[in-house]
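Chain by chain, the residues run as shown.
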Amino acid sequence: MSLFKLTLKDLQGKFIRGEISAVEIVRSYLLRLTQVEPKIKAYVTLRDKESLLTQAGAIDQSLRGWRKTQPLMAMPLAIKDNICTKGLRTTCSSRILDEFVPPYDATVMARLNTHQPLILGKTNLDEFAMGSSTEHSAYGPSRNPWNQKYIPGGSSGGSAAAVAADECVAALGSDTGGSIRQPAACCGVVGLKPTYGRVSRYGLVAFASSLDQIGPITKTVTDAAMLLNVIAGHDLLDSTSSRQDVPDFTKALKKRDVKKLVIGVPQEYFAEGLDSEVNGKVQEAIRTLQDLGGTIKEISLPFTEKAIATYYLIATAEASSNLARYDGVKFGLRAKESKELAEMYRQTRSQGFGPEVKRRIMLGTYALSAGYYEAYYAKAQAVRTLIQQDFSDAFQNVDVLVSPVMPTPAFPLGERLEDPLQMYLSDVYTIPSSLAGIPAISIPCGFSTMGLPIGVQIMGRPFDELIVLRVAHAYEQATTWHTKRPVIRS
Ligand code: GLN
């Protein structure tokens, strides 16, 4: 079997047992990348072959004699291109950062690097993670490995496509309103958004700081738990990172049932706008969870319908403030032809940002401006609290919540590009849990008649990733969806 088809756990097992070398892993993936990357376009930047082979050679050399490995040693990973990688270009898929090479590593990278993984490259995203399809990338969209005429989802579409197309064994993404879970659903892989504060945001290029969170995109739930084990934990460099204990997340996977667990089904997530095929598959998943011993309970999250409006005020307000730093002075692009400072700012930002980023900056600046602040931003914050309250009320009676990830399967490239509201609606089911800061996972639960993957979402209490992973794993073990891989034709 080709190495690139293996899950992280299986590849790791073979490597730790000494059955394969790091150089063999690199060679297998380089071959895979040559075959499929021209069609999928998952990456913005690929590490050069020589440096990968040199790193792999050094790893193999160091293991001669005494074989002491770490869980992610020699594992070929892909990193979303809004996570700073020291010495490796980090663009956020924006022209404004086209040539930006970070002088430091994000905390997640520093943690990964202690294991000596093989970082294959940086994956495509919607510019500054604003979008649901990768079509807002300055480098063009990535393709859905199941059908290249369709979006891979976004904004972590490159990471999800790379995992689904076997162009890396696992990846990191970031999720602000659904950007890990929605592309995972579109590409038929697993995507976990941890609790806000579980993983350090230091070195994650900020979009909306009160929502942003880094998490794994993988082939299985076990692989997601393995990656989370490495990246989770308190970090002095991020004051919003939590001091909560970090359990061994793979422990959650021992139990293969959901006995004694109450599984809530929020009725607002099954209302108007939900595609009937997605509904059918998610209902089937709920029945499977019932068969596995779960008690199903219908519940209500009444403020769900306010979530999109709330999110697009808070996220844009934070984005307009975070993106003020791109002024042509400190980072990245600087417009050359301007004669004085204000003109240089204006031209740099006009040339450097794409249309969606400009739209968000304008919306956010408006929401924060004097006279409108109370009416929009402050109101949105108040409603965010009500949405959080909805979830904490629900979790008095249930252990997890189950819902669709996205109202439809992946849509064709170009379909929603001219209609921002339609694009924003891709995230109706992921945004509420982002606003509440709770953990949520997307796992595959079937295919549409068009052959496109469908995902089911499992949400849990704050810092209860263990239960989320346990339920997801039990479901995964009872089904075969996670074993399906796309055939990529030229
Ligand atoms: N699609 C949503 C947006 O455009 C969420 C993006 C994200 O989670 N980064 O804002």
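All values derive from a computational prediction rather than experimental measurement. (Residues numbered from 1 in each chain as written. Predicted model: local features only at pLDDT ≥ 70, side-chain atom pairs only at ≥ 80, totals over all residues. Heavy atoms only, no water.)

A word on the overall build of the protein chain
And then number 1: Helix and strand counts for the protein chain stand at 15 helices and 11 strands.
And then number 2: On C-alpha atoms alone, the protein chain measures out to a radius of gyration of 21 Å, which is about the 23 Å that the 2.2 N^0.38 rule sets for 490 residues.
And then number 3: Taking the principal axes of the C-alpha coordinates as reference, the protein chain spans close to 70 × 60 × 45 Å.
And then number 4: Residue burial in the protein chain is summarised as follows: out of 490 residues, 60% are buried.
And then number 5: Here the protein chain contributes 55 positively and 49 negatively charged side chains, and the mean placements of these two sets differ by 5 Å. (Helix = DSSP H or I, 4+ residues; strand = E, 2+ residues; numbered from the N terminus. Rg over C-alpha atoms; globule rule 2.2 N^0.38 Å. Buried < 20%, exposed > 50% of the residue type's maximum accessible area, 1.4 Å probe, protein only. Lys, Arg positive; Asp, Glu negative; His and termini not counted. Charge placed at Lys NZ, Arg CZ, Asp CG, Glu CD.)

A closer look at the sheet that holds strand E11 (residues 453-460)
And then number 1: Here we have 11 strands laid out as an open sheet, ordered E1-E3-E2-E4-E6-E5-E10-E11-E9-E7-E8, and mixed in their pairing. Each edge of the sheet is formed by a strand with only one pairing partner; in this case those strands are strand E1 (43-46) and strand E8 (295-299). For this sheet, the mean angle separating the axes of adjacent strands, direction not counted, is 30°.
And then number 2: Pairing between strand E7 (residues 262-266) and E8: five bridges, direction parallel. Each bridged residue has a counterpart across the sheet, and for Val265 the counterpart in E8 is Glu298. (Pairing = 2+ DSSP bridges. Axes fitted to C-alpha atoms, helices over the stretch in contact; angles between N-to-C directions.)

Points about the confidence of the model for the protein chain
And then number 1: Mean pLDDT over the protein chain works out to 96, with 99% of the residues at or above the 70 mark.
And then number 2: The least confident element of the protein chain, judged by mean pLDDT, is helix H13 (residues 420-424) at 90; the most confident is strand E2 (residues 76-80) at 99. (pLDDT = per-residue confidence, 0-100.)

Quick notes on the packing of helix H1 (residues 8-16) against helix H7 (residues 221-231)
And then number 1: The interhelical angle for the contact between H1 and H7, taken along N-to-C directions, is 70°, at an axis separation of 8 Å. Our classification of the angle between H1 and H7 gives roughly perpendicular. Contacts between H1 and H7 pair Leu8, Lys9 and Gln12 from the former with Thr222, Asp223, Met226 and Leu227 from the latter.
And then number 2: In terms of residue class, the contact of H1 with H7 is made up of three nonpolar, two polar and two charged. (Parallel < 35°, antiparallel > 145°, perpendicular 65-115°, else oblique. Contact = heavy atoms within 4.5 Å. Nonpolar A, V, L, I, M, F, W, Y, C, P; charged D, E, K, R; others polar.)

Describing the nonpolar core
And then number 1: Phe15, Ile25, Leu112, Phe128 and Phe391 are the most contacted members of the largest nonpolar core, which has 154 residues in total.
And then number 2: Top contributing element to this core by residue count: helix H2 (residues 22-40), with nine residues.
And then number 3: If we ignore the near neighbours within four places in the chain, the residues touching Phe15 are Ile20, Ser21, Ala22, Ile25, Ile59, Asp60, Leu63, Arg67, Thr69, Met73, Ala74 and Met75. (Core = buried A, V, L, I, M, F, W, Y, C linked by side-chain atoms within 4.5 Å.)

Some words on the site of the ligand
And then number 1: In the region of the ligand, 15 residues are neighbours, and Gly177, Ser179, Tyr311, Arg360 and Asp427 sit closest.
And then number 2: Between the ligand and Tyr311, the relevant distance is 2.6 Å, taken from an oxygen atom to a side-chain nitrogen or oxygen of the residue.
And then number 3: Here an oxygen atom of the ligand and a side-chain polar atom of Tyr312 are 3.3 Å apart.
And then number 4: Burial of the ligand by the protein chains amounts to 100% of its free accessible area of 290 Å².
And then number 5: Considered class by class, the residues forming the shell around the ligand number five nonpolar, seven polar and three charged. (Near = heavy atom within 4 Å. Polar contact = N/O pair within 3.5 Å; in protein donor to acceptor, adjacent residues only side chain to side chain. Areas by Shrake-Rupley, 256 points an atom, 1.4 Å probe, with all protein chains shown as cover.)

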